[in-house]
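Next come the chains, spelled out residue by residue.
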Amino acid sequence: QVQLVESGGGLVQAGGSLRLSCAASGRTFSMYAMAWFRQAPGKEREFVAAHSWGGGIVYYADYADSVKGRFTISRDNSKNTVYLQMKSLKPEDTAVYYCAAHGRLGRGFTTTEYDYWGQGTQVTVSS
């Protein structure tokens, strides 16, 4: 089984930065896509960023338009950890951020494509 645990959330002023981490344990997931989603109160869970393997040496890093240029996703396979570096944070970035993963090839942008989920970490951006 795979367990995902997020950390790094907190309260930050607009324009500030945070770095989220998602540590994975359990069964190996070298083939898995790993992604970040977020959910604000009263809204659906939305895609933020994903790091995925397309086969061979092909890897993808994808971002929602709302965060492109501000957020960076990275993965350290040796540490079984995926990161989300968030810069120039805005109040509209306020949400619970969830780490997700699956064991299939290819990119994924919807919640139904992911099999494993972390507990979430709160990010609050004040204006």
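Residues numbered from 1 in each chain as written. Predicted model: local features only at pLDDT ≥ 70, side-chain atom pairs only at ≥ 80, totals over all residues. Heavy atoms only, no water.

Peer 1: I'd like a description of the pattern of salt bridges, backed by residues and values.
Peer 2: Counted by the stated rule, this structure contains 5 salt bridges. Ionic pairing is found between R38 and E46, a salt bridge with its closest N-O pair at 2.7 Å. The class for R38 is buried, based on a relative accessible area of 6%. Exposure remark for E46: the relative accessible area of 34% places this residue in the partly exposed category. D93 serves as the salt-bridge partner of R38, at 2.9 Å between the closest nitrogen and oxygen. With R38 in strand β4 (residues 33-39) and D93 in the loop between β8 (81-86) and β9 (95-102), this pair connects stretches of sequence that are 55 residues apart. Here the two residues R38 and D93 agree in accessibility, since each one is buried. Bridged by salt links that share partners, the residues R38, E46, R70 and D93 form one connected network. (Salt bridge = Lys/Arg side-chain N within 4 Å of Asp/Glu carboxyl O. Buried < 20%, exposed > 50% of the residue type's maximum accessible area, 1.4 Å probe, protein only. Helix = DSSP H or I, 4+ residues; strand = E, 2+ residues; numbered from the N terminus.)

Peer 1: Give a detailed account of the environment of E113, specifying residues and quantitative values.
Peer 2: Looking at the secondary structure, you find E113 in the loop between β9 and β10 (116-117). For the pair E113 and L4, spaced 109 residues apart in sequence, the C-alpha to C-alpha distance is 16 Å. Beyond its immediate chain neighbours, meaning those up to four positions away, E113 contacts H102, R104, R107 and G108. (Contact = heavy atoms within 4.5 Å.)

Peer 1: Please provide a residue-by-residue account of the packing of aromatic side chains, values included.
Peer 2: A complete count under the given rule lists 6 aromatic pairs for this structure. Where F37 meets W117, the ring centres are 5.2 Å apart and the plane angle is 55 degrees; that geometry is what we call tilted. Taken together, the residues span a long stretch of sequence, with F37 in strand β4 and W117 in strand β10 at a distance of 80 residues. Judged by relative accessible area, W117 falls into the partly exposed class, the value being 27%. Here the aromatic rings of F47 and F109 are separated by 5.2 Å at their centres, their planes lie at 80 degrees, and the arrangement is edge-to-face. Of this pair, F47 sits in strand β5 (residues 46-55) while F109 is found in the loop between β9 and β10, placing the two residues 62 residues apart along the sequence. You can call F47 buried: its relative accessible area is 13%. An aromatic cluster of three or more residues is present, and its members are F37, F47, F109, Y114 and W117. Stacked on the ring of Y98, the Lys or Arg R45 has its end atom at 3.7 Å from the ring centre. Of note, R45 hangs over the ring of W117, and the distance from its end group to the ring centre comes to 5.0 Å. (Phe/Tyr/Trp six-rings, centres within 6.5 Å; stacked < 30°, edge-to-face > 60°. Lys NZ or Arg CZ within 6 Å of the ring centre and 35° of its normal.)

Peer 1: Quick one: what's the story with the sheet that holds strand β1 (residues 2-7), residue by residue and with numbers?
Peer 2: Strands sit in the order β1-β3-β8-β7 across an open sheet of 4 strands; the sheet is antiparallel. Two strands in the sheet have a free side with no partner beyond their single neighbour: β1 and β7 (71-76). Strand-to-strand twist across the sheet, computed as the mean angle between neighbouring axes with direction ignored, equals 15 degrees. Across 6 bridges, the pairing between strand β3 (residues 18-26) and β8 is antiparallel. Paired with S21 across the two strands is Y83, which belongs to β8. (Pairing = 2+ DSSP bridges. Axes fitted to C-alpha atoms, helices over the stretch in contact; angles between N-to-C directions.)

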